[in-house]
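Read off the chains here:
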Amino acid sequence: MKLMKMHLAVCFVLLAVVTFGPRRVEAGPILRDIDITSILSRHPAGNSLGLAYNPVSDVLHLAHGSGSGGGFIYTLDLDGNVIKELDFEEAYRAGSYPTSLSFDRVTGHLFVFAFGVGDGVGNIVEMRTDGSAIFREFTVPIGGGGGILVRGDSIWQAMFASDVIRQYARDGNVVRDVSVSNSFPGFPGPEDITSSFTNGFFLNDFFGERIVEVDAGGREIAAISTAALGRGLGIDADASTQRIFLQVNNSDIYVLSSDFIGQIPEPSTFTVFGSGVLGLIGCYLSRRRCY
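Residues numbered from 1 in each chain as written. Predicted model: local features only at pLDDT ≥ 70, side-chain atom pairs only at ≥ 80, totals over all residues. Heavy atoms only, no water.

Caption draft 1: Spotlight on the nonpolar core. Core analysis: the biggest nonpolar cluster contains 16 residues, and Ile36, Leu60, Leu62, Tyr74, Leu76, Phe245 and Ile253 have the highest contact counts within it. Those elements that provide at least two residues to this core are helix H2 (37-40), strand S2 (50-54), strand S3 (59-64), strand S4 (72-76) and strand S20 (252-257). No other element matches S4, which puts three residues into this core. Excluding anything up to four places from it in sequence, isoleucine 253 contacts Arg32, Asp33, Ile34, Ile36, Leu51, Leu60, Leu62, Leu76, Leu246 and Gln247. Counting 15 residues, the second largest nonpolar core, distinct from the first, contains Tyr92, Leu101, Val117 and Val125. (Core = buried A, V, L, I, M, F, W, Y, C linked by side-chain atoms within 4.5 Å. Buried < 20%, exposed > 50% of the residue type's maximum accessible area, 1.4 Å probe, protein only. Helix = DSSP H or I, 4+ residues; strand = E, 2+ residues; numbered from the N terminus. Contact = heavy atoms within 4.5 Å.)

The structure is reproduced here in structure tokens:
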């Protein structure tokens, strides 16, 4: 009987450790933290909503602008030094400002989702990274549309008002909508989008403070909290180096390793407690059969 009580005591201790012991830290491996507050203080242009990594030059393109204060695109090295400042109104159109960016690895061009071009619409603009040439543009309804991603023969857009990611052909025709409503029930949906390391997508959840990974069909693979870092405003990723670039709070760009998204999401307290209780019952029954 004493031995059985000893085993029960051990089980209770293990249950307490599992249930109430140290918890997994939400934020995963951070390779670099780039402070952008001084960059965004150059102009009273509002929020910074677009971020694109350029693997050809190993630089970041950062959009700045969310209203009548104009818009700018900064090119930064990975230490946060400004290499170039582009006045987007001068390069493209008066009154316009960039709200999302995506670097096209096929053409070497920068794609910009521009607001301020008309009531209820935005333009997706293909341009040189230095703004010296505009190649083409097409108009899409704003309608709750968020960040854009260019890859292969398609352009993708996060549609936060309808919980889908929309695929366009390169000429601007809509190909299809892929639902991500299981990961974003109700309003709002994903704010920004980029390619994952497995040909799916990383979706930035601004309000939920998460990065959600889905496959090409919109099915969730993982959802990782970014609450320890801040609310994400722009996201990009580089599959060749397995890095994620996340701009948060108009203040920092975090360079994250693949281990960040590879974390096992922490189970709820009740799930852990229930597992512990089952283990305790099994432990007790196994001891009982011995007496």
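Caption draft 2: A look at the pattern of salt bridges. By the definition in use, this model includes ten salt bridges. Across the salt bridge formed by aspartate 177 and arginine 166, the nearest N and O atoms sit 2.8 Å from each other. Linking aspartate 177 in strand S13 (residues 174-179) with arginine 166 in strand S12 (residues 164-169), this pair joins segments that are eleven residues apart in sequence. (Salt bridge = Lys/Arg side-chain N within 4 Å of Asp/Glu carboxyl O.)

Caption draft 3: Spotlight on the side chain of serine 251. Considering the arrangement of structural elements, one finds serine 251 in the loop between strand S19 (243-248) and S20. A residue is classified by how much of its surface remains accessible, and serine 251, at 15% relative accessible area, is buried. A polar contact is formed between the side chain of serine 251 and the side chain of aspartate 252, at a distance of 2.7 Å. Each residue touching serine 251, except ones within four places of it in the same chain, is listed here: Ile34, Asp35, Ile36 and Thr37. (Polar contact = N/O pair within 3.5 Å; in protein donor to acceptor, adjacent residues only side chain to side chain.)

Caption draft 4: Representation of the sheet that holds strand S6 (residues 97-103). Spatially, the four strands line up as an open sheet ordered S6-S7-S8-S9, and their pairing is antiparallel. Looking at which strands have only one partner, the edges of the open sheet turn out to be S6 and strand S9 (134-141). The sheet shows a mean angle of 20° between the axes of neighbouring strands, direction not considered. Across five bridges, strand S7 (residues 110-115) lies against strand S8 (residues 121-127) in antiparallel orientation. Within S8, the position partnered with phenylalanine 111 by the bridge is glutamate 126. (Pairing = 2+ DSSP bridges. Axes fitted to C-alpha atoms, helices over the stretch in contact; angles between N-to-C directions.)

Caption draft 5: Focus on the packing of aromatic side chains. Applying the stated rule across the entire model yields ten aromatic pairs. Aromatic side chains tryptophan 156 and phenylalanine 201 sit 4.8 Å apart centroid to centroid with 55° between the ring planes, which places their arrangement in the tilted category. In this pair, tryptophan 156 is assigned in strand S11 (residues 154-159) and phenylalanine 201 in strand S15 (residues 201-205), connecting sequence segments 45 residues apart. Accessibility classification places tryptophan 156 together with phenylalanine 201 in one group, the buried group. Where phenylalanine 160 meets phenylalanine 187, the ring centres are 6.2 Å apart and the plane angle is 55°; that geometry is what we call tilted. Here the residue phenylalanine 160 occupies a position in the loop between S11 and S12, and phenylalanine 187 occupies one in the loop between S13 and strand S14 (192-195), the gap between them amounting to 27 residues. Here the aromatic residues Tyr97, Phe113 and Phe115 are joined through ring pairs into a cluster of three or more. (Phe/Tyr/Trp six-rings, centres within 6.5 Å; stacked < 30°, edge-to-face > 60°.)

By themselves these figures say nothing about function.
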